Amino acid sequence: MTVGTGTARVTLSQREFLGLSPDRLFVVVSRVTALVALCVALAVFTPYFLTWSNIINVLRHAAPLFLMSAGLTLVVLTGGIDLSVGAVLGLAACIAASLITSGFPVFGVVAALAVGLSCGLVNGLLVAYARIPSFIATYGMLWIANGLAYVFMKGEVIYGLPAPFRVIGTGFAGPIPVPVLIMIGTIIVLHVVLHRTRMGRGIYAIGGNPVAARLSGMPVQRRLVFVYAMSGLMASFAALVVIARTNAADVSLGEEQLLPAIAAVCLGGTSLFGGVGGVAGTAVGSLILALVLNGMNLLGVKTFWQAGVLGVIILLSVMADQLVGRRINRGTT
Amino acid sequence: MLLNRRQFATATMSVGAATALGALPFAGAIGQGKKATIAFFVKNVTNPFWKACRIGAEKAGKEFNVTLEVVAPTKPDNIEEQTRLVEDWIVKKPDAFVFVPVDYKALVPSIQKANKAGIPIVNYNNIMTDIEKVTFIGSDDEYLEYEICKSLFKSMNGKGKVVHIDGVPAAITAQNRKKGFERAVKDFPGIEVLASQPGQYRRLPAQQVFENLMQRFPEIDAVVSANDDMAVGIVEALHAAGRGGKTKVIGIDGIPDAIQAIAEGKMYATVDFSGHDQAYLAVQAAVRHLKGEKIPPLVMLPVFIIDKGNVGTVARTPEERKVPSWEQATRKA
């Protein structure tokens, strides 16, 4: 694959570090700081937090959400949104579970991924070629995927997946849970795609300035189809990990995951306006959300307070860098 | 094979007087030649509980020769959509509504409109106040949880450490089930409640919450889960952590997965919360009302605990289990 050392790089600042301009670097540092601050606070308040088994536990909780948000991150980087990730996750989960429990494990996995990819492709075609705003195109897909899943399942829940399949959700490779390894692998692959390939550079360029991207002769439409297809594919991939973990599949599986997935992307520093951010940030965002739940459970925060506490921590973790960030940006630009 | 459940005590409670009489002019609508139409409402088409309700209602519809129209919001448990559906159906003017609100307060104004339009309402599953209704048919969540907790605590000789996993905090069922749990805890001073945390009635969140709690509590003697879906997730988490068999887990609902877990000795007990029976009896109540019969204002289904002792005689799905007869269900305690 060609390494993108071309025009895109020239436009960035000369003082790059790890391929990041100073303001970008700042966002990354501040998000990691928020994460670390949260960890320190929890370690101070509860002795059960800073244990190896709890750290593994939190990482494992973050993994399914991250996988779902990872593909979504690419879409958000182009300045779009994919509202269908939860519904596609649900549909793929049902198809996979149904085929796997009927004795076709390989076919089940392939079919689920194919369904996710197809939903994503359709989204991409609608956005790139039919010029439908991504919010509407993927909102339509949300209902279509939900509808297909309803028809397919008819209110049924599928239980009892085979043990070999469940390894991807519940297994361990040495001390590390398999979903965490999958998460790390995904971060590396997508990070390389975003920062070391022409496709990746193109994704940032489209999000940063779509007109300029088009005028520079970039195949904008094809790249858009690619990112939506990846988002669908990653959602169906997340579905496999989720059903392997819960040992059950039903239509509404992904429903309540949509907003947390978008939140994970934003918490990780990816701008909803496109062009800024990355998958490593999304991993940080997923971890923050998993940490908040872990912390509330360990501290025994009362049921009725939990929703409010979650909201406050989300706001605090982004507000800090907005305040400091503004000052720094004023200095550098 | 499972007839003995019908021998359980049947309780009918009478409340107030100001109910059910708004529809007198409509008595006798059945039997004037035209087949009656009943609009049967469910909260969603995704949860197997409402599927069981649908099957129960359709069974009754066939048996009593009425046209049954199933009305469900496409977006699960959506208040706004159910409000619209109610208004649409007031215009269509069926002979009766068999109704469950997605929110027991938010739907009151809509049902009051149906009252004004003179449509008789049979309320099932979630009780509504401030409306005129023929009757309410359901299970008493507080009593169900109280009874199953009592049976659990007795099996622990009245002492031990217990974790409570709550449902959706705002749901009336969750609030009542929690009250039942708290009442049972008061009856057994040797029972220590380690934590009470919300699991959103869903498997994955409950699993993650419980995994967090396992980090803090190395010894848990029993888990009281507000429904079976969460209970099965908790059983999975216990086994995955190598702590299976040491902790007694109870749920509510009697879903197939829980029945299987009890049969395998992984879960301690559940209590039947049969939407199928509620819906069947609710449609029957509507038919009887239309024929001019007098219906008791409140019909509560009997408590039926499923544990190791009787799990062999219990059918896997609620719809395969035998429905109590009208006389059994409405017999005075």
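Residues numbered from 1 in each chain as written. Chains lettered and ligands numbered in written order. Predicted model: local features only at pLDDT ≥ 70, side-chain atom pairs only at ≥ 80, totals over all residues.

So, about the overall build of chain A. Scanning chain A from N- to C-terminus turns up 14 helices and four strands. Counted over contacts in chain A with a minimum sequence separation of 6, partners at least 24 positions apart contribute 78%. (Helix = DSSP H or I, 4+ residues; strand = E, 2+ residues; numbered from the N terminus. Contact = placed C-beta atoms within 7 Å.)

For an α-helix, 3.6 residues make a turn, and residues three or four places apart therefore share a direction. Residue and element names in this part refer to chain B. Here helix α2 (residues 79-92) spans 20 Å end to end across 14 residues, near enough to the 20 Å set by a 1.5 Å rise per residue. When α2 is considered as a whole, its buried residues turn out to be Gln82, Thr83, Val86, Trp89 and Ile90. Taken down its axis, α2 places every buried residue within 130° of arc, on the same side. Among the exposed residues of α2, those oriented more than 90 degrees off its buried face are Glu80, Glu87, Asp88, Val91 and Lys92. (Expected span 1.5 Å × (residues − 1). Buried ≥ 20, exposed ≤ 12 C-beta atoms within 10 Å, placed from the backbone. Arc of directions from axis to C-beta.)

Residues and elements named next belong to chain B. Strands sit in the order β2-β1-β3-β4-β5-β11 across an open sheet of six strands; the sheet is parallel. The open sheet is flanked by β2 (67-71) and β11 (298-300), the only strands paired with a single partner. Averaged over all adjacent pairs, the angle separating strand axes in this sheet is 20°, with direction ignored. As defined by bridge partners, strand β3 (residues 96-99) adjoins strand β4 (residues 121-124) across three bridges and the pair is classed as parallel. (Pairing = 2+ DSSP bridges. Axes fitted to C-alpha atoms, helices over the stretch in contact; angles between N-to-C directions.)

Helix-helix packing: each pair is described by the crossing angle between the helix axes and the interaxial distance. The interhelical angle for the contact between helix α13 (residues 279-299) of chain A and helix α6 (residues 203-216) of chain B, taken along N-to-C directions, is 50°, at an axis separation of 9 Å. Taken together, the axes of α13(A) and α6(B) are oblique relative to one another. Remark: the crossing between α13(A) and α6(B) carries right-handed chirality. The residues of α6(B) that touch α13(A), namely those facing Leu293(A), Asn294(A), Asn297(A) and Leu298(A), are Gln208(B), Val209(B), Asn212(B), Leu213(B), Gln215(B) and Arg216(B). (Parallel < 35°, antiparallel > 145°, perpendicular 65-115°, else oblique. Left-handed = near helix turned anticlockwise from the far one by under 90°.)

In this section: the pairing of strand β5 (residues 135-138) of chain B. All names here are of chain B. Neither face of β5 is exposed, since Thr135 and Ile137 on one face and Phe136 and Gly138 on the opposite face are all buried. Direction of pairing for β4 relative to β5: parallel, over a ladder of three bridges. Residue pairing for β5: Tyr124 is matched across the bridge by Ile137. Here three bridges tie β5 to β11, and the two strands are oriented parallel to one another. Pairing of Gly138 across the sheet is with Met300, part of β11.

Turning our eyes to something else, we now look at the pairing of strand β7 (residues 191-198) of chain B. Residues and elements named next belong to chain B. As defined by bridge partners, strand β6 (residues 160-166) adjoins β7 across seven bridges and the pair is classed as parallel. Across the sheet, Val163 pairs through a bridge with Ala195, a residue of β7. Between β6 and its parallel partner β7, the chain crosses via helix α5 (residues 172-187), and the hand of that crossover is right-handed. (Right-handed = clockwise from strand over helix to strand, strands pointing away.)

This paragraph deals with the interface of chain A and chain B. The interface of chain A with chain B comprises 27 residues on the first partner and 27 residues on the second. Counting residues per element, the ones that place at least two in the side of chain A that touches chain B are α3 (52-77), α11 (220-246), α13 and α14 (303-332) of chain A. Taken together, the residues of the side of chain A that touches chain B break down into ten nonpolar, 15 polar and two charged. (Nonpolar A, V, L, I, M, F, W, Y, C, P; charged D, E, K, R; others polar.)

Residue and element names in this part refer to chain B. Model confidence for chain B is summarised by a mean pLDDT of 87, while 89% of its residues fall at 70 or above. Of all secondary-structure elements in chain B, the lowest mean pLDDT belongs to helix α10 (residues 326-330), at 83, while strand β8 (residues 222-225) reaches the highest, 98. Residue range residues 1-29 is modelled with pLDDT below 50. Its contacts to residues more than four positions away, or to other chains, number 63 contacts. Taken over the whole predicted complex, pTM reads 0.80, whereas the ipTM for its chain interfaces reads 0.84. (pLDDT = per-residue confidence, 0-100.)

Every buried residue of helix α8 (residues 256-263) of chain B is listed here: Asp257(B), Ala258(B), Ile259(B), Ala261(B) and Ile262(B). A positive backbone phi angle near 80° is found at Gly265(B), which sits one or two residues after α8(B).

All names here are of chain A. Across the interface, helix α4 (residues 85-101) lies against helix α5 (residues 105-128) with an axial gap of 8 Å and an inter-helix angle of 160°. It follows that α4 is roughly antiparallel to α5 by the angle criterion. The element α4 and its partner α5 pack so that their crossing is right-handed. Residues Val88, Leu91, Ala92, Ile95, Ala96, Leu99 and Ile100 of α4 touch α5, and the partners they reach there are Pro105, Phe107, Gly108, Val109, Ala111, Ala112, Val115, Gly116 and Cys119. For the contact of α4 with α5, a count of residues per class yields 14 nonpolar, two polar and no charged.

A separate point is the nonpolar core. By size, the foremost hydrophobic cluster in this structure holds 159 residues, and its most contacted members are Val98(B) and Val283(B). It is α11(A) that provides the largest number of residues to this core, a total of 18 residues. Apart from the residues lying within four places of it in its own chain, the contact partners of Val283(B) are Ile38(B), Phe40(B), Ala57(B), Ala60(B), Gly61(B), Leu68(B) and Val98(B). Counting residues in hydrophobic clusters, the runner-up holds 51 residues, among them Ile165(B), Ala184(B), Ala226(B) and Ile234(B). (Core = buried A, V, L, I, M, F, W, Y, C linked by C-beta atoms within 7 Å.)

Once that is clear, we can look at the environment of Phe152(A). Residue and element names in this part refer to chain A. Locating Phe152 in the fold gives a position in helix α6 (residues 134-153). The class of Phe152 is partly exposed, set by 13 C-beta atoms lying within 10 Å. For the pair Phe152 and Cys39, spaced 113 residues apart in sequence, the C-alpha separation works out to 43 Å. Residues contacting Phe152, with those up to four places away along its chain left out, are Cys94 and Ile95.

For the rest of this paragraph, the subject is unusual backbone geometry. Non-glycine residue Arg131(A) carries a positive phi angle of around 60°. The topology assignment puts Arg131(A) in the loop between α5 and α6. Even without a glycine there, the phi angle at Gln200(B) is positive, about 60°. Relative to the helices and strands, Gln200(B) resides in the loop between β7 and α6.

Chain-level pLDDT for chain A is 88 on average; 89% of the residues reach the 70-or-more range. Element-level mean pLDDT values for chain A span from 43 in helix α1 (residues 7-11) of chain A up to 97 in α5(A).

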